[in-house]
Amino acid sequence: MTAPWPAVLPHCCAGRHMLLAQILSNGLMTGLVYVLMALGFTLIFGVMRIVNFAHGELYMLGGFATLILFGNLGWNYYLTVVVAAFGVGLFGVLLQSLLLKHFIGRELSGMIMALAIAITLQAGANIIFGPEEQSVPRPVTGVLDLGAAVVPYDRLVVGGFTLVILAAFWFFLQFTRWGLAMRAVTQDSEMAAVQGVRPGFIHPLAFGIGSLLAGGAGALMAPIYTIYSYMGELPMLKAFVVVILGGLGSIPGAVLGGLLLGLVESFFATMYSTTVATMIGFALVIVILIFRPRGLLGRTA
Amino acid sequence: MRLAAAVLILVGLAAWPFIYDQPFYVHMGVMMGLWVALALSMNLMLRIGQLSFAHGAFMGLGAYASALATMRLGIPFPIAFLSGGLAAASVAALVGPIFLRIRGVYFALLTFAFGEVVVLTFVEWVEVFGGNNGLFGIPKPSLFGLQMTSRPAFYLFALTFAVLSFIAVRAIYNSQFGAVITSIDDNEMLTRSIGIDAPRYRLAAFCFSAALAGWSGAFYAHYLTFISPEAFGFWTPVNMVVINVLGGIASPWGPVVGALLLVPLPEILRDAKEYQVLSYGILLMIFLLFLPDGLVGLARRWRGRWRAARSAEGRSAAGLEQGKREKRAAA
Amino acid sequence: MHRTAIATAAALGTLLLAAPTYAETLRLGVVSALSGPGSAWGLAVDGGVRIAAKEINAAGGLKVGGKTYTIEVTSYDDKYKAADGVTAATRLIEQDGIKYIFGPLGSASMLAVKPLYEQNEILALVNSYSDKVLDKNTKNIYRVLPTTREFIEPMVKWVKQHKPGLTNVAVISPNDETGWASQALQKEYYAKHGFKIIASELFERSLKDFQPLLTRMIAAKPDIIELDTTPPPTAGLIIRQARELGYKGAFVKIGGPGVPEIVNAAGKDFAEGTIVYVGADASDTKYKWLESEYQKLYPPPMNSFNVFFYDAANMLFESMRKAGTVGDVKAVRAALEKITPFKGMQGTLSWTGKAYYGSDHQLLVPVFVGMIENGEEKVVTKIDQ
């Protein structure tokens, strides 16, 4: 029969080495998104000692921002991502100063408060946007044919964005006063306080940056997946695993853990099944928490 | 006097479905009994200062163990039911010594991952657990050849189960054992220095807590006659925690009050549909912000004030001490 | 607010029952997923029943045995969960005293509620896909929506006739009761009509990244990827991700219709040419009327579940008229069994199922073969059964 779809599509996966190359490229692209989610999650924990169960809902907010700005209002996609990221970041600052501020140092109550925020945001989105999964058109189409593997351009855009954000984030932590202060708080909050770092400023800033990263990830992934009120649950779960792998509060750990999980999952999901891959992720978490509770790159207490 | 009142209330609780036979309310009563027991099992964990997200999995282990024992092995219900709790407790005893070394937020994360692995096992191991489809046609409980089919009978079962759980948990808290596990939360070094083997006490508390969740699961399975993995996922332990937070975690009355309030809440908000979940989330935030000691904590505070006002000597020192303990437990 | 008003009206209606000269009330119940995942289908079930009831009420009420009844629908949410399904059904049966119930939607919820329906002799018109819903002992439960078993054979036959040269089939289905039962049938009937099954995959419903799974699947070189009961938005994602990985073969989706969602998630170009099972012909004028009515209740898009339950409610009303009673459930049930062939919105409906399930409690409806053209669903042919 004649193919009604565009005939420009490349071929792939001819042999075993090609399969492996495809696994690597899939894993790397997924891993980069994990890194983006995990960075904010780990930063928030490192600075405020709060396990942010609402992280997935911040991702979801980024997704819906794309639906409105890019999907409905027809904004430029890249502008949308930037606006969505900063919008969610501001929202995060608000959340921190209104609700989570009272729970600093109270890990269990803080965790439950974050859960309550997650439930509320999810229900709110469900009421406003309805239960159906929605899609926006893709801003970039086509694929990059590497011979052994193919990478869709939209994934490359996400990967590129992630690298830019990572670089900016690294620069911020290494070379700015606020970044240094934030690192100081992560390492030893009491010492940092002695040295004159004001938690009243650093905490909202850290939560804001964490939210910004989650919102940005949601906005970036919105055209690639579908947009709905529960869309944050899976990325949040992944961030959770990544952060434990790398060590709660450790920023290099989040980068390493994210890429590692992306690759491991891609391998097992291709060779066996996604459920097996998910189980292996959680099994890794259990093993690491038992033998190296501070994670692969976390400080030993 | 207090005992007489307690007996009177219990008789009243046991008798109402036979006098006022409204099956829907009886059903709600059954669900409340179930959640009282589940919330009590979480209360034990919070008492030792460890938030466990594995309790959905423990409930599931009990449910599947009891259901499979009756369905596949033909074991009589009472034994199967008991084995449900024991199965959960044995798993807890197996992982407990390792898990309990981990403290605070890391324990919460560890149990979360463990719970997910257990639930994924229910999903993946289709031959045994029936996968996402679950198990269907679980026999209703029967005792000495008598099958329990009527709802009031289930209600009596649930009531007995909840009351026994409450008595057991309260007895634990009032005993020396309870004093030790509470002080573990407060100051482990101190307990160790006076020669008490704190880790063993903590393990015992963990196992009993898992057993309670397991029995609740077994009851759930034989009441609904249908179970599937989703019922034991992340949101089940979250609900247990929420009930405790609402009721107050410093006393075993907290989970009781919390369950009696929260279980019928969706029924009252029936017409609200999505707003039901929204109000649930907002309510939870309000409680965390303004009533960190829960309803029971609030009642205690009021009673403390009232007493202080009444006795000029200001004997409210005891009440204050109580308040302090609650604060510590809440934090 | 609106709901409260209806409830108040209902309470008044019950009070007025004592006076026979006034219109009486017939109460119907719906247990369905009205919030959360699956509620797109769940709301459609509720919508179908409500539109049918509204239509009758607007025409002066349901006339049965010399009396006129105003129909009132009470719907409870089961959130697609077993325990909530039991709570909702118990409330309808015991608290509200309702004898006729539509739903639940989810298999877990349905299987948990099944014994309640049978014990209480509730006439239940249901839609869950599970094979276990119907068996030889089923008395009070009727499935009013076709499952894969009812539409697989005409669909596969059509593909064989119109797309010769395609032989290797890979099937992908959700990993639950619905997916398992359906995938087994897909394999059976594709093989029966000369196709070769080269791969079959199950996935968790929450999955969005199909690249690993598709990398493996495409390596087996299928001519057809059969999307089975995959939820439409997810099916769209699979189509897009497979095309991006270089897959050039055909897509067929025999199960779970929903072309707009597929096109939105896949993109117009990638979705082009996909062969789909269609539940109802959306170009039909009656369908358009139903769509406009649905918009007054819930936000669009409407789906074919609405059509099935609009028809089911009307079948129930007709059975009551034939039986001459609304109070005698057994008589209504007897009339319902004899009501087919029934003229539904889209063609003739009839009871079937004895051969597979052991009882004739399954509704057989016309099957539409559709194809995605320029991002739109186009009904290619209608197959009467």
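Positions within a chain are numbered from 1, following the residues in the order the chain's sequence is written. To read the labels, note that chains go from A and ligands from 1, taken in the order they are written. Where local features are concerned, this predicted model is filtered to residues with pLDDT of at least 70; where side-chain atom pairs are given and counted, the filter is 80 or more; whole-chain, interface and lining totals use all residues. Side-chain figures throughout are based on the complete set of non-hydrogen atoms in the structure, without hydrogens or water.

Here we come to the overall build of chain A. Labels follow the DSSP assignment, with helices taken as runs of H or I lasting at least four residues and strands as runs of E lasting at least two, numbered in each case from the N terminus. The secondary structure content of chain A amounts to 11 helices and two strands. Taken against the 2.2 N^0.38 rule, which gives 19 Å for 301 residues, the C-alpha radius of gyration of chain A at 20 Å falls within 12% of a compact globule. Expressed along its principal axes, the backbone C-alpha trace of chain A runs to roughly 75 × 45 × 35 Å. Here chain A holds 301 residues, and the buried ones make up 60% of them. For chain A, the exposed surface amounts to about 11600 Å²; the carbon and sulfur share of it is 70%. Residues counted as positive are Lys and Arg, residues counted as negative are Asp and Glu, and His and the chain ends are not counted. Lysine's charge is taken at NZ, arginine's at CZ, aspartate's at CG and glutamate's at CD. Side chains of chain A carry 13 positive and 10 negative charges; the gap between the two charge centres is 11 Å. Each radius of gyration reported is based on C-alpha atoms, and the globular scaling rule is 2.2 Å times the count of residues to the power 0.38. Three labels apply to residues, based on accessible area from a 1.4 Å probe with only protein chains included: buried if under 20% of the type maximum, exposed if over 50%, partly exposed otherwise in between. Values of accessible area rely on a 1.4 Å probe in the Shrake-Rupley scheme; residue burial ignores everything except the protein chains shown.

Contact definition: two residues touch when any of their heavy atoms are within 4.5 Å. Every contact between the two is made by 38 residues of chain A and, on the other side, 38 residues of chain C. Here chain A packs against chain C, burying approximately 3500 Å² in sum over the two surfaces, 58% of which is carbon and sulfur. Throughout this description, the term salt bridge denotes a Lys or Arg side-chain nitrogen within 4 Å of a carboxyl oxygen of Asp or Glu. Taken together, the links from chain A to chain C amount to three salt bridges. With a closest N to O distance of 2.5 Å, E244 of chain C and R138 of chain A form a salt bridge. Contacts described as polar in this section are N or O atom pairs within 3.5 Å, which, within protein, must combine one atom able to donate a hydrogen with one able to accept it, while residues neighboring in sequence count only if both atoms come from side chains. Taken together, the connections running from chain A to chain C amount to nine residue pairs in polar contact (both at pLDDT 80 or more). When residues of the side of chain A that touches chain C are traced back to their parent elements, those giving at least two are α1 (16-48), β2 (150-152), α5 (153-175), α10 (251-271) and α11 (274-291) of chain A. Each residue is assigned to one class: nonpolar for Ala, Val, Leu, Ile, Met, Phe, Trp, Tyr, Cys and Pro, charged for Asp, Glu, Lys and Arg, and polar for all the others, Gly among them. For the side of chain A that touches chain C, the residue count by class is 22 nonpolar, 11 polar and five charged. Here's the idea: put two parts together, see how much 1.4 Å probe accessible area each one loses, and the total over both is what we call buried area.

A word on the interface of chain A and chain B. For interface size, the figure often reported is the accessible area lost on association. If you look at the interface, chain A gives 40 residues, while chain B gives 40 residues. Carbon and sulfur atoms make up 84% of the area that chain A and chain B hide from each other, which totals about 3700 Å². Across the chain A-chain B interface, the total number found is zero salt bridges. Counting every contact that joins chain A to chain B gives zero residue pairs in polar contact (both at pLDDT 80 or more). With 15 residues, the single largest contributor to the side of chain A that touches chain B is helix α4 (residues 107-129) of chain A. Of the residues that constitute the side of chain A that touches chain B, the class distribution is 28 nonpolar, eight polar and four charged.

Residues belong to a common nonpolar core when they are buried Ala, Val, Leu, Ile, Met, Phe, Trp, Tyr or Cys residues joined through side-chain atoms within 4.5 Å. Counting 225 residues, the largest nonpolar core has F53 and M182 of chain A, F58 and I227 of chain B together with Y117 of chain C as the members making the most contacts within it. Considering every element that reaches this core, the biggest residue donor is helix α2 (residues 23-47) of chain B, with 17 residues. Sequence-distant contacts of M182 of chain A, that is, excluding residues within four places in its chain, are made with L43, V47, F172, L173, I202, L205, A206 and I209 of chain A.

Moving on to the packing of helix α2 (residues 55-72) of chain A against α4 of chain A. Residue and element names in this part refer to chain A. Across the interface, α2 lies against α4 with an axial gap of 10 Å and an inter-helix angle of 20°. The angle between α2 and α4 falls in the class roughly parallel. Handedness of the crossing formed by α2 with α4: left-handed. Contacts from E57, M60, L61, F64, L67 and I68 in α2 reach A118, L121, Q122, A125 and F129 in α4. Considered class by class, the residues forming the contact of α2 with α4 number nine nonpolar, one polar and one charged. Geometry is summarised by axes, namely lines fitted to C-alpha atoms with helices restricted to the contacting stretch, and by angles between N-to-C directions that run from 0 to 180 degrees. For classification purposes, an angle smaller than 35 degrees is called roughly parallel, one larger than 145 roughly antiparallel, one from 65 to 115 roughly perpendicular, and anything else oblique. Handedness of a crossing is defined here by the sense of rotation of the near helix relative to the far one, left-handed for an anticlockwise turn of less than a right angle and right-handed for a clockwise turn.

All names here are of chain C. Between the first and last residue of a helix there are one fewer steps than residues, each counted as 1.5 Å, and that sum is the expected span. The end-to-end C-alpha distance of helix α4 (residues 107-119) is 19 Å, a good match for the 18 Å that 13 residues give at a rise of 1.5 Å each. Along α4, 10 of the 13 residues are buried, which leaves the element largely enclosed by surrounding structure. Following α4 by one or two positions, E121 adopts a phi angle in the positive range, close to 50°.

Let's shift gears to the confidence of the model for chain A. Here chain A shows a mean pLDDT of 85. Residues at 70 or above account for 92%. The predictor attaches a confidence to each residue, and that confidence, scored 0 to 100, is pLDDT. Note on residues 1-14 of chain A: pLDDT is under 50 here. Beyond four places in sequence and across chains, it has 26 contacts.

Before going further, it helps to examine a positive patch on the surface. Residues and elements named next belong to chain B. Taken together, the side chains of R2, R170, R303, R307 and R310 make up a positively charged region of the molecular surface. The leading source of residues in the positive patch is helix α15 (residues 294-310), at three residues. With respect to the helices, strands and loops of the structure, R170 is situated in helix α7 (residues 151-174). Here a patch means residues that are over 30% exposed by relative accessible area and free of salt bridges, tied together within 9 Å if like-charged and within 5 Å if nonpolar (Val, Leu, Ile, Met, Phe, Trp, Tyr).

Mapping R321 of chain C onto the fold places it in helix α12 (residues 304-323). If sequence neighbours within four positions are ignored, R321 of chain C has contacts with I56, L62, K63 and V64 of chain C.

The next point concerns the packing of aromatic side chains. Stacked, tilted and edge-to-face are the three classes applied to pairs of Phe, Tyr and Trp rings, where Trp contributes its six-membered ring and a pair requires centres within 6.5 Å; stacked means planes under 30 degrees apart, edge-to-face means over 60, and tilted covers the rest. For the coordinates displayed, the defined rule picks out 49 aromatic pairs over all chains. Ring plane angle 75° and centroid distance 6.1 Å describe the contact between F282 of chain A and F112 of chain B, whose orientation is recorded as edge-to-face. Placement of F282 of chain A in helix α11 and of F112 of chain B in helix α5 (residues 104-124) is noted, with the two residues assigned to different chains. Residue F282 of chain A shares its accessibility class with F112 of chain B, and that shared class is buried. Taken together through their ring pairs, the aromatic side chains of F41, F53, F240 and F282 of chain A together with F53, F112, F234 and W235 of chain B make up a single cluster. Note on geometry: a ring has a charge over it if NZ (lysine) or CZ (arginine) is within 6 Å of the ring centre and within 35 degrees of the ring normal. Sitting above the plane of the Y356 of chain C ring, R149 of chain C keeps its charged end 4.4 Å from the centroid. Seen from the ring of F195 of chain C, K160 of chain C lies directly overhead, with NZ or CZ sitting 4.6 Å from the centre.

All names here are of chain C. Between α12 and helix α13 (residues 329-337), whose axes approach to 8 Å, the crossing angle comes to 115°. Accordingly, the angle class assigned to the pair α12 and α13 is roughly perpendicular. Relative to α13, α12 is oriented so that their crossing is right-handed. Residue-level contacts link M315, L316, S319, M320, K322 and A323 of α12 to A331, V332, A335 and L336 of α13. For the contact of α12 with α13, a count of residues per class yields eight nonpolar, one polar and one charged.

Now for the sheet that holds strand β11 (residues 275-278) of chain C. All names here are of chain C. Pairing between strands is defined by DSSP: at least two bridges between them are needed. Read across the sheet, seven strands follow the order β8-β7-β9-β10-β11-β15-β16 without closing on themselves; strand pairing throughout is mixed. Both edges of this open sheet fall to β8 (196-203) and β16 (376-383), since each of them pairs with a single strand only. Across the sheet, the axes of successive neighbouring strands diverge by a mean angle of 25°, strand direction being ignored. The sheet contact formed by β11 and strand β15 (residues 367-373) spans four bridges and is antiparallel. Among the inter-strand pairings, V276 is bridged to a residue of β15, identified as G370. Sitting on the sheet, helix α6 (residues 177-192) is in contact with β7 (168-174), β8, β9 (224-226) and β10 (250-253), with an inclination near 165° to β7. Where helix α8 (residues 232-244) meets the sheet, its contacts fall on β7, β8, β9 and β10, and the angle it forms with β10 comes to roughly 170°.

Negative phi characterises most residues that are not glycine, and trans characterises most peptide bonds. The linkage connecting G103 of chain C with the following residue, P104 of chain C, adopts the cis geometry, with an omega of 5°. One can find P104 of chain C in the loop between β4 (100-102) and α4. Note the cis peptide between T340 of chain C and P341 of chain C, where omega equals 0°. Along the chain, P341 of chain C turns up in the loop between α13 and β12 (342-343). A positive phi angle, near 55°, is found at R49 of chain A, a position not held by glycine. Tracing the backbone through its elements, the reader meets R49 of chain A in the loop between α1 and α2.

All names here are of chain C. Inspection of the sheet shows β7 paired to β8 by seven bridges, in the parallel sense. In the sheet register, V169 faces β8, and the bridge partner there is I197. Handedness of the crossover is the feature at issue here: the chain leaves β7, passes through α6, returns alongside β8, and the resulting connection is right-handed. We call a crossover right-handed when, viewed with both strands directed away from the observer, the connection leading from the first strand over the helix to the second proceeds clockwise.

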